[in-house]
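Report on the structure
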Amino acid sequence: MAFAELLDQVGGMGRFQGLNVALLCFPMLLMAAHNLLQNFTAAVPEHHCRVALNKACANGNATGNRDCQALLRVFVPQDGAWRPEKCWRFVTPQWQLLEFNSTGREPTEAEQEPCLDGWTYEGSVFTSTIVTEWDLVCNFRSLQQLAQSIYMAGVLVGGIIFGGLSDKSSKHPAVLKANLQTDNSSNNAKFPVADLVCTASLRRITVCLCFVWFSTSFAYYGLAMDLQNFGVSVYLIQVIFGAVDIPAKLVAFLVISYSGRRIAQALSLILAGLSIGGNIFVSHDMQILRTVFAVFGKGCLGASFNCVFLYTGELYPTVIRQTGMGFGNTMARVGGIVAPLVRMTGEYLPSLPLVIYATAPIISGMAACFLPETLNVPLPDTIEDVETRSVVIGTRWSLFVGNTEGEKRENGRKDQVCHPGAVLLDMTEIKETEKDPRLPENLRNTEGVKTEACSDIPKGAITISNAL
């Protein structure tokens, strides 16, 4: 009995399922908030070396008072934007700089040194973060990115541990009944992770989905965890980033439902990569345009997440569906771990992180084009179903491009004509395919026939003539 038929027997959407969805909404809201929490708990306020100033200019007030700014110039050099350097100070006070106009900047060859006494932080926006608590700036700024990676690694470990525990917990009787019947129909077979790559079709599906899951999460957190670089209020940009997911996922739903999963998956990833890459060529002074590109890319990545959850469940057969979903989520968590670390490459080339964040989804979008379409296709129950579906889809394409009667095969035997509409099944016996309602009507109840009609079909292979 197929899994879809079991669901019909035990019942579809009802009070139990509705209650589950309602109860899951609350922890999911909290989880999303925690994943993005470091935009605020690890924010980097304006800062400069701690120096000996008077009480009126201490505790971060030096940058907000004109007299204090002039006094600060004596101890801290200015950068290219005429702001106090973040990581350097003068070895000795440069009192002569007070003689120049406070709005100007006089070059000096005075000796400088790192901030040996710590830093002073401007607290108008962020009064306290892990950066201010542990001085994760200058030579220690890479530790801020590492903190986010450690958090995402914890999410991965927690998912593995608690995911296994949830499988052992009690289940609803109807679901348990369905699981038992499915297990009996599969002869209690065990399906390890290795079964995700046990056949050619599954290997192609698994490899392509690995790219999709990894790159979607990788680029998503690469954008979502770098809000301070847009030059606008971090609170405002966070609201915009969250709000864009609503229309993006509605559009994705329409594309998924009417155009298919494959085109929705590929299009969302490629558009996300192009929008991220567009910011490479936009000046930092054009904050609005940079924000528009980033918001559009974030929306496309949200749509990609929406699609890949559905697509993965439809591509894998019932016997390994949860294994495939778990493996895909693992690749997503790995992408979330790597994403903050990539921002460290900006120390060598400022645009390099954007190049990496843009390239990954574009490549994954191309990989998604090699996945089979699942729109209006019944869910596969066994690994053999996946192979059969791949063969039928491939045959439809070969027939469409010109497998007509009388066409000659370019294999050296020009006098031999292929049988019209021959379908090659890549297995040694048909088994249950003649009973499978998902196959075309003229494919059922047909006996396998050995043939040598075409030289490119191996001897002894089973073919079914005029299947489509």
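Cut-offs and rules
Residues numbered from 1 in each chain as written. Predicted model: local features only at pLDDT ≥ 70, side-chain atom pairs only at ≥ 80, totals over all residues. Heavy atoms only, no water. Phe/Tyr/Trp six-rings, centres within 6.5 Å; stacked < 30°, edge-to-face > 60°. Helix = DSSP H or I, 4+ residues; strand = E, 2+ residues; numbered from the N terminus. Buried < 20%, exposed > 50% of the residue type's maximum accessible area, 1.4 Å probe, protein only. UniProt positions renumbered as here; feature names shortened; annotations may be inferred. Axes fitted to C-alpha atoms, helices over the stretch in contact; angles between N-to-C directions. Left-handed = near helix turned anticlockwise from the far one by under 90°. Contact = heavy atoms within 4.5 Å. Nonpolar A, V, L, I, M, F, W, Y, C, P; charged D, E, K, R; others polar. Salt bridge = Lys/Arg side-chain N within 4 Å of Asp/Glu carboxyl O.

As for the packing of aromatic side chains
For the structure on display, the rule yields ten aromatic pairs. Note on Tyr-220 and Phe-305: the rings are 5.5 Å apart at their centroids and 80° apart in plane angle, and the pair reads as edge-to-face. Placement of Tyr-220 in helix α8 (residues 200–224) and of Phe-305 in helix α12 (residues 287–315) is noted, with a sequence separation of 85 residues between them. Overall, Tyr-220 belongs to the buried group, its relative accessible area being 12%. Take Phe-305: its relative accessible area is 15%, and that puts it in the buried class.

Things to note about the UniProt feature "transmembrane region" (unreviewed entry) in the protein
As recorded in UniProt, the feature "transmembrane region" (unreviewed entry) lies at residues 205–223, 235–256, 263–282 and 288–311. Taken end to end, residues 205–223 comprises 100% helix and 0% strand; its first and last C-alpha atoms sit 27 Å apart.

Examining the packing of helix α9 (residues 234–243) against α12
α12 packs onto α9 with a crossing angle of 40° between their chain directions and a minimal axis gap of 9 Å. Crossing geometry of α9 relative to α12 is assigned as right-handed. Contacts between α9 and α12 involve Ile-237, Ile-240 and Phe-241 from the first element and Thr-291, Ala-294, Val-295 and Lys-298 from the second. Here the residues of the contact of α9 with α12 are counted per class, giving five nonpolar, one polar and one charged.

Here we look at the pattern of salt bridges
A complete count under the given rule lists seven salt bridges for this structure. Where Asp-79 meets Arg-83, a salt bridge forms, and the shortest distance between an N and an O atom there is 4.0 Å. Under the relative-accessibility criterion, Asp-79 is labelled buried at 17%. The partner of Arg-89 in a salt bridge is Glu-113, with the nearest N and O atoms 2.9 Å apart. Highlighted residues: Arg-89 in strand β2 (residues 88–90) and Glu-113 in strand β3 (residues 112–114), separated in sequence by 24 residues. You'll find Arg-89 and Glu-113 in the same group, each marked buried. Look at the salt bridges and you will find they share partners, linking Arg-89, Glu-113 and Asp-117 into a network.

Topic: the packing of α12 against helix α13 (residues 321–342)
In a pair of packed helices, the angle between the axes and the distance between the axes together describe the arrangement. In the contact formed by α12 and α13, the axes pass within 8 Å of each other and the chain directions differ by 145°. Considering how the two elements wind past one another, α12 and α13 form a crossing that is right-handed. Between α12 and α13, the contacting residues are Phe-309, Thr-312 and Gly-313 on the first element and Arg-321, Gly-324, Met-325 and Asn-329 on the second.

Structural notes on unusual backbone geometry
Note: most peptide bonds trans; most residues except glycine with negative phi. Residue Cys-138 is not a glycine yet carries a positive backbone phi of 55°. By secondary structure assignment, the location of Cys-138 is in the loop between α5 (130–134) and α6 (142–168). With relative accessibility at 7%, the residue Cys-138 sits in the buried group.

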